[in-house]
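Close look at the chain arrangement
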Amino acid sequence: MAGGGGWFRVGFWAGEGAAGGAGPVRVGGPGRPLLRPSWSFVAVVAAGSAPVLEGAARAALPGDCRDVLPSETHVLLRRGAALEAWRVGAGPALLDDQPAWRRELPEGEEAAEIQSLLLLLLPPSPPAELPLVPGGYVVPRADFFRPLSPALRARQLALGHEHALLLAAAGDLFAWGAGRHGQLGGGDLESATEPRLVEAGDLYMWGWNESGQLGLPSKGMPGSSMAATAEANHGSPPPSGPQAAHESPPQAAFISIQAFPALLDMPGGADVSKVSCGSRHTAALTRTGELYTWGWGKYGQLGHRDTAALDRPKKVCSFEAWGLGVADVVCGPWTTFALALPL
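As the structure is a computational prediction, the values presented were derived from the model and not from experiment. In every chain, residue numbers begin from 1 and rise along the written sequence. Thresholds applied to this predicted model are a pLDDT of at least 70 for local features of residues and 80 or more for the giving and counting of side-chain atom pairs; totals over whole chains, interfaces and linings are not thresholded and use all residues. Side-chain metrics in this entry use all non-hydrogen atoms of the structure; hydrogen atoms and water are not considered.

Moving on, we come to the packing of aromatic side chains. Pairing of aromatic rings covers Phe, Tyr and Trp, the last through its six-membered ring, and needs centres within 6.5 Å; plane angles under 30 degrees mean stacked, over 60 mean edge-to-face, and all others mean tilted. Throughout the structure, instances matching the rule amount to 12 aromatic pairs. Here the aromatic residues F12, W39, W296, Y299 and W334 are joined through ring pairs into a cluster of three or more. Both a distance and an angle decide whether a charge sits over a ring: NZ of Lys or CZ of Arg must be within 6 Å of the ring centre and within 35 degrees of the ring normal. Sitting above the plane of the F145 ring, R103 keeps its charged end 3.6 Å from the centroid. Here R280 stacks its cationic end above the ring of W296, 4.0 Å away from the centre of that ring.

Structure representation (structure tokens):
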């Protein structure tokens, strides 16, 4: 493709509506900026320049802004030694005149101690570290700041609409929040106010499967993975014994809620290095630079040049055809962003 690599998007884009079956479209400008998507906006955070918001409207953010976390109602900014939450307005300025909330970050010796700890715990992926902040994490809605126990030694945190997942420095995974769709992976549908350990490894999926976003058989899905699974097993019997419940999803016709982590087998045994989740779709990046997507596809967010839904992983072929390999992936609610670079 002309112009080389960069960030590309597929799916819904505010101001344009549904992209349908259209192919990937370049977004985010040159270089390798960090993208932070919401429903109507995506924050573009690039080293050496002020972040910007793109989507329903375009707005340059303050020059001292180091990181951004957007939502439909507020935009969280990390500015110097402070965190600020700004309401999203309807005018040309986009953000209100004054922040709705502000929190000073630690300074001096305390800040140096925290920074030393972060350097040990966090992977080398600056310039951003939100939603994690010293002492806890932030969400782009009131009450904005939420404390975390230092004993968790958080390395990475992902925010869902109603729940959160935390990866600890030792590799343990914790979940808390709403659990009515099984999204906490504890084997029940109960909510949790405090982080609780999730027992999973490899690539496991759990939660709501209404559109096949878990890669498990979904009711009414054209070309359900039930047939593909049977073909892949060549008629072999399903796993049995006490470990089978953990390693394989229940042998039911369809799965609407998976309350316990279920092992997902990728096509050809592909080795997954990163997963990102949208509202009802999933994208997985392999260590060899291939991108797989599955789930709800109404707005073309799966990148297969159609609007079909899938309940099993399918490789996105556009980038390989352009001589590009995928180096990163980030899902918005109805959109998928992929960083593709020359092979």
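For the rest of this paragraph, the subject is unusual backbone geometry. Of note, the bond from L130 into P131 is cis; its omega dihedral lies within 30 degrees of zero at 15°. Secondary structure counts use DSSP, requiring at least four H or I residues in a row for a helix and at least two E residues in a row for a strand, with both numbered from the N terminus. Relative to the assigned elements, P131 resides in the loop between helix 1 (108-121) and strand 11 (132-133). Geometrically, the link from A142 to D143 is a cis peptide bond, its omega value of 20° lying close to zero. Along the chain, D143 falls in the loop between strand 12 (136-138) and strand 13 (145-147). In the Ramachandran plot, F144 falls in the positive-phi region, its phi being about 70° despite a non-glycine side chain. If you trace the backbone, F144 turns up in the loop between strand 12 and strand 13. Residue classification places F144 among the buried residues on the basis of a relative accessible area of 6%. The backbone of R305 shows a phi angle near 60°, a positive value even though the residue is not glycine. Turning to its location among the elements, R305 is positioned in the loop between strand 22 (291-295) and strand 23 (310-315). For the exposure calls, accessible area comes from a 1.4 Å probe over protein chains only, and a residue counts as buried if that area is under 20% of its type's maximum, exposed if over 50%, partly exposed in between.

Only buried residues count toward a nonpolar core. Its members are Ala, Val, Leu, Ile, Met, Phe, Trp, Tyr and Cys residues joined through side-chain atoms within 4.5 Å. Core analysis: the biggest nonpolar cluster contains 18 residues, and L132, Y137, L148, L157, L166 and W176 have the highest contact counts within it. Of all elements in the fold, only strand 14 (154-159), strand 15 (163-168), strand 16 (173-177), strand 17 (192-198) and strand 18 (204-208) reach the threshold of two or more residues within this core. One finds A262, A284, L302 and L310 within the second-largest nonpolar core, a separate group that totals 14 residues.

Moving on: the pattern of salt bridges. The term salt bridge refers to a side-chain nitrogen of Lys or Arg lying within 4 Å of a carboxyl oxygen of Asp or Glu. Taken as a whole and assessed by the stated rule, the structure comprises 15 salt bridges. One salt bridge connects R102 with E104, and the closest N-O pair in it is separated by 3.0 Å. Overall, E104 belongs to the partly exposed group, its relative accessible area being 46%. One salt bridge connects E162 with R180, and the closest N-O pair in it is separated by 3.1 Å. Within this pair, whereas E162 is found in the loop between strand 14 and strand 15, its partner R180 is found in the loop between strand 16 and strand 17, the two being separated by 18 residues in sequence. Residue classification places E162 among the partly exposed positions, given a relative accessible area of 33%. R180 gets classed as partly exposed once you look at its relative accessible area, which sits at 47%. The network of salt bridges with shared partners includes D64, R79, E84, R102 and E104.

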